[in-house]
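Each chain, written out:
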Amino acid sequence: MNTFFEDFATFAPALVGGLRISLLLTGASLLFGLPIGLIFAFGVTAKNKILRFVSVFFVEVGRGAPALVLLQLMYYGLPNANITLSSLASACLALTWTTAAYSGELIRGGLQAVPEGEIEGSEALGMSRADTMRFVIIPQGMRIALPSLMGFAVLLFQTTSLAYSVAVPELMSQAYSTGSSTFKYLTVFIAAGLLYAAISIPATWLSVWLEKSMSKHL
Amino acid sequence: MTLQPVTVTKPVVEVRHLAKAYSDTVVLRDVCLSIPAGTVTAMIGPSGAGKSTLLRCLNLLEQPDSGEIVIDGHRLTAGERVNPKDLAALRRSAGMVFQHFNLFPHLTVLRNVSLPQERVLKKSRAEANAKSMELLTRMGLADKADQYPSRCSGGQQQRIAIARALALDPRVMLFDEPTSSLDPEVGVEVLEVMKELAAEGMTMIVVTHEMAFAANVADELVVMADGGIIESGPPRQILQDPQHERTRRFLRAVLDR
């Protein structure tokens, strides 16, 4: 047991370094993916055919294709088209796509769940379509979508472990290389799992707390 | 014998030959209506008669298929494209109160009443809040200003909705079964406010099942059935001596229960 903790302490710097990359990748994918997702949320129901077609295409492919396929496509596939990205950039691009696709559908669901009566109430007051969107539909729709978006963010954080397959030095790949140089796979993967859990579990608590506190007066 | 002075005022609302159908179901057939300023019109009739649809057509929450609507000089002809400016002007002239209040649950009571003033009338936050507080005080709800609607009773919520609509200084108030989702006791609070409004000379069109309100407050009673107006006139006259068989049947059902 003592050796477990000693090994744990030895591995910690490399693993924590990897964890930072995992968090960076999660954060960047959310930063770019959520605004694009908001655009997709409107795009898939847009009257404009081109906008709708493009949105549906990216949403369906982003949700239909496994994240691992998108990661490999961006890192190993794009160079064939003379686009070469660093491992981190290609992973970020792939996971941004996944995030935009899933969050687009979650946000659309939230916007559509805003009761029709409130929209009519706003229209009957003479508020413009844009004002109704800005002051009634988006604030409430985002509130409705937020718990599932937080749940998605936790899943995305865990999905970043797939980026080890495109040489991103994140937590999973740090664990893997530490394991292969020390052969203490059991210890190192338990440690990696604990680090993933140390982020995911409190994040889940946070989302539950946020959901409760935001729906207090609804 | 003294004659009551007859004041002929220009109608605030005029409806000409309004018709609407959902595919095969006709909901409004050739409805004509003229509402003079300062009068209260109660609309009664069995459900499915088209009362709510008529009211919702007046501010274009529903699109009529044919006919014409004039509210406070804003003319709308069915089938013609309405530009957003005219639509906004028309909706500002006609304040609407819904059966289910339709307040914004994510905003405080004060914000509910102030936001439309800021966005539609382009008032400053301070001006809007001053007007909101004046109206909320009149409704006896000044202490609820910082609460959220869900913390208010149904009767309070409906009065907030009335304040929200009044804040835009409408020329006519449209009430779509304002007490139907309230307990009878709570509904009384709302009816009191409506009576006050009527006494102040607000032009009102009220779709309702409150026969006492229709009899005592309304100047004109409109009976609708099967998408059309079958009878209209002074409430007492219609309630005591209905001319139409369909009216008799409806009144028996609501009064003799």
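Here the structure is shown first, and the text comes after it.
Note that the structure is predicted; figures quoted are calculated from it, not measured.

> Run through the interface of chain A and chain B, naming residues and quoting values.
On the side of chain B, 22 residues touch chain A, which itself brings 19 residues to the contact. For the pair chain A and chain B, the interface holds 2 salt bridges. Arg-119 of chain B is paired through a salt bridge with Asp-131 of chain A; the nearest N and O atoms lie 3.0 Å apart. At the boundary of chain A and chain B, one finds 4 residue pairs in polar contact (both at pLDDT 80 or more). Those elements that place two or more of their residues in the side of chain A that touches chain B are helix H5 (116-124) and helix H6 (129-159) of chain A. The residue makeup of the side of chain A that touches chain B, split by class, is 7 nonpolar, 6 polar and 6 charged.

> Describe the side chain of Gln-158 of chain B, naming the residues involved and giving the relevant values.
All names here are of chain B. Within the secondary structure, Gln-158 sits in helix H5 (residues 154-166). Gln-158 sits in the buried class, given a relative accessible area of 0%. Side-chain polar atoms of Gln-158 contact the backbone oxygen of Phe-98, separated by 2.7 Å.

> Report on the layout of surface pockets, specifying residues and quantitative values.
Sizing a probe to match a water molecule and rolling it over the atoms shows the empty space that remains. Considering only enclosed or pocket space, the largest pocket measures out at about 390 Å³ in volume. Along the wall of the largest pocket there are 14 residues; nearest its centre are Glu-123 and Arg-129 of chain A together with Pro-84, Leu-87 and Arg-91 of chain B. When residues in the lining of the largest pocket are grouped by element, the largest group, 5 residues, is from helix H2 (residues 84-93) of chain B.

> Help me get a handle on the packing of helix H3 (residues 109-120) of chain B against helix H4 (residues 125-138) of chain B, residues and values and all.
All names here are of chain B. Where H3 contacts H4, the two axes come as close as 8 Å, and the packing angle between them is 125 degrees. By the angle between their axes, H3 is oblique relative to H4. Two packed elements cross with a definite hand, and for H3 against H4 that hand is right-handed. Where H3 abuts H4, its residues Val-109, Leu-110, Arg-111, Val-113, Ser-114, Gln-117 and Glu-118 lie against Arg-125, Ala-128, Asn-129, Lys-131, Ser-132, Met-133 and Leu-136. Grouping the constituent residues of the contact of H3 with H4 by class yields 6 nonpolar, 4 polar and 4 charged.

> Tell me about the environment of Val-172 of chain B, and name the residues and values.
All names here are of chain B. Relative to the assigned elements, Val-172 resides in strand S7 (residues 172-176). Between the C-alpha atoms of Val-172 and Arg-246, which are 74 residues apart in sequence, the distance is 29 Å. Beyond its immediate sequence surroundings of up to four residues, Val-172 is in contact with Val-12, Val-13, Ile-71, Ser-93, Ala-94, Gly-95, Met-202, Thr-203 and Ile-205.

Calculation notes
Residues numbered from 1 in each chain as written. Chains lettered and ligands numbered in written order. Predicted model: local features only at pLDDT ≥ 70, side-chain atom pairs only at ≥ 80, totals over all residues. Heavy atoms only, no water. Contact = heavy atoms within 4.5 Å. Salt bridge = Lys/Arg side-chain N within 4 Å of Asp/Glu carboxyl O. Polar contact = N/O pair within 3.5 Å; in protein donor to acceptor, adjacent residues only side chain to side chain. Helix = DSSP H or I, 4+ residues; strand = E, 2+ residues; numbered from the N terminus. Nonpolar A, V, L, I, M, F, W, Y, C, P; charged D, E, K, R; others polar. Buried < 20%, exposed > 50% of the residue type's maximum accessible area, 1.4 Å probe, protein only. 1 Å grid on protein atoms, 1.4 Å probe; cavity = no way out; pocket = protein on both sides within 12 Å on 5 of 7 lines; lining within 4 Å. Points joined across faces, edges and corners; volume = space filled by probe spheres on them. Axes fitted to C-alpha atoms, helices over the stretch in contact; angles between N-to-C directions. Parallel < 35°, antiparallel > 145°, perpendicular 65-115°, else oblique. Left-handed = near helix turned anticlockwise from the far one by under 90°.

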